[in-house]
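Given next are the chains, with one letter for each unit.
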Amino acid sequence: MESIKKLLKTDQFHEIIDNKNILDQYLRYLEIKVGDQKMRLSQRHQNLYIVFSNNAFVSKYKMNKSQILDDLNRLDSKIKIENIFIKVDPSILESHKKPKVKLSSHTKNIWNNVHESLKDSPLKDFFLKKND
């Protein structure tokens, strides 16, 4: 358990959280600009991959492609996006919904114990939110 605690206290998790925040900013911007609230984003190096749920949103994206790329690069200075690859997948309309699962009291106790054992970890808040 001590080795897991040490691993979770590293800066790698701060970097993962920062990257998630950056992708969330990109997602909010694209939802406003394009209008697809079901789209998915992923990023590898300087490439951004967008999966749209409908061809109409792809057309809307293509009309403003250069402006969107410039605006996304202005949102965060750490990551410069060089290419944006797009794809249409209508199946994300059904799979994007995640059912809310109610946690049992036993599971809540386990989450609380893990939370208490990781007092200095950056994941402490994650476990708190997971409990709600």
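Small disclaimer: the values here were computed from a predicted structure and weren't measured.

(A) Focus on the overall build of the protein chain. Helix and strand content of the protein chain: seven helices and three strands. The buried share among the 132 residues of the protein chain stands at 27%. Taking the intrachain contacts of the protein chain between residues at least 6 apart in sequence as the baseline, contacts between residues at least 24 apart amount to 62%. Surface accessibility of the protein chain: about 9500 Å² in total, with carbon and sulfur atoms responsible for 52%.

(B) Looking closely at the environment of Asp71. With respect to the element layout, Asp71 can be found in helix 4 (residues 65-75). A relative accessible area of 15% means that Asp71 is categorised as buried.

(C) Representation of the environment of Asp89 within the structure. For Asp89, the location among the structural elements is in the loop between strand 3 (83-88) and helix 5 (92-95). For Asp89, a relative accessible area of 23% gives the class partly exposed. When the C-alpha atoms of Asp89 and Phe52 are compared, they prove to be 6.2 Å apart, with 37 residues separating the residues in sequence. At 2.7 Å, the side chain of Asp89 and the side chain of Ser91 are in polar contact.

(D) Just the packing of aromatic side chains, in detail. In total, this model carries two aromatic pairs according to the counting rule given. Judged by centre distance (5.3 Å) and plane angle (20°), the rings of Tyr49 and Phe85 are stacked. One end of the pair, Tyr49, is in strand 2 (residues 47-52); the other, Phe85, is in strand 3, with 36 residues separating them in the sequence. Its relative accessible area of 25% is what places Tyr49 among the partly exposed residues. The interplanar angle of 40° and the centroid separation of 5.8 Å between the aromatic rings of Phe52 and Tyr61 together place this pair among those described as tilted. The pair Phe52 / Tyr61 is uniform in exposure class, with both members buried. The side chain of Arg44 reaches across the aromatic face of Tyr49, ending 5.0 Å from its centre.

(E) How the structure looks around the nonpolar core. Formed by 17 residues in total, the largest nonpolar core has its most connected members in Tyr26, Leu30, Ile50 and Leu72. Counting residues per element, this core draws most heavily on helix 2 (residues 11-33), at four residues. Residues contacting Leu72, with those up to four places away along its chain left out, are Tyr26, Tyr29, Leu48, Ile81 and Ile84.

(F) Inspection of the sheet that holds strand 3 at higher detail. Read across the open sheet, the three strands follow the order 1-2-3; overall the sheet is mixed. What marks the edges here is a single partner per strand, and that holds for strand 1 (40-44) and strand 3. Across the sheet, the mean angle separating the axes of adjacent strands is 20° when strand polarity is ignored. Bridging between strand 2 and strand 3 involves six bridges; their strand directions are parallel. The residue of strand 3 that forms the bridge with Asn47 is Asn83. In this fold helix 3 (residues 55-63) packs onto strand 2 and strand 3, with an angle of close to 160° to the strand it touches most, strand 3.

Criteria and cut-off values
- Per chain, residue numbering runs from 1 following the sequence as it is written.
- Local features in this predicted model are restricted to residues whose pLDDT is 70 or higher, and side-chain atom pairs enter the listing and the counts only when it is 80 or higher, whereas totals over whole chains, interfaces and linings include all residues.
- Based on all heavy atoms of the structure, the side-chain values leave hydrogens and waters out of the count.
- Secondary structure elements are taken from DSSP: a helix is a run of H or I of four residues or more, a strand is a run of E of two residues or more, and numbering for both begins at the N terminus.
- Residue exposure (1.4 Å probe, protein chains only): buried if accessible area is under 20% of the type maximum, exposed if over 50%, otherwise partly exposed.
- Contacts between residues were defined by any pair of non-hydrogen atoms, one from each residue, lying within 4.5 Å.
- Per-residue and other accessible areas follow the Shrake-Rupley method at a 1.4 Å probe size, with only the shown protein chains counted as cover for residues.
- Two N or O atoms form a polar contact when they lie within 3.5 Å of each other; inside protein one atom must be a possible hydrogen donor and the other a possible acceptor, and for residues adjacent in sequence the pair counts only when both atoms belong to side chains.
- Here the aromatic set is Phe, Tyr and Trp, taking the six-membered ring for Trp, and pairing holds for ring centres within 6.5 Å; pairs whose planes are under 30 degrees apart are stacked, those over 60 apart are edge-to-face, and all others are tilted.
- For a ring to carry a charge above it, either NZ of a lysine or CZ of an arginine must fall within 6 Å of the ring centroid while also lying within 35 degrees of the normal to the ring plane.
- To form a nonpolar core, buried Ala, Val, Leu, Ile, Met, Phe, Trp, Tyr and Cys residues must be joined to one another through side-chain atoms within 4.5 Å.
- At least two DSSP bridges between two strands are needed for those strands to be called paired.
- In this description, a line fitted to the C-alpha atoms serves as the axis of each element, helices being fitted only across the stretch in contact, and the angle between N-to-C directions of two axes falls anywhere from 0 to 180 degrees.

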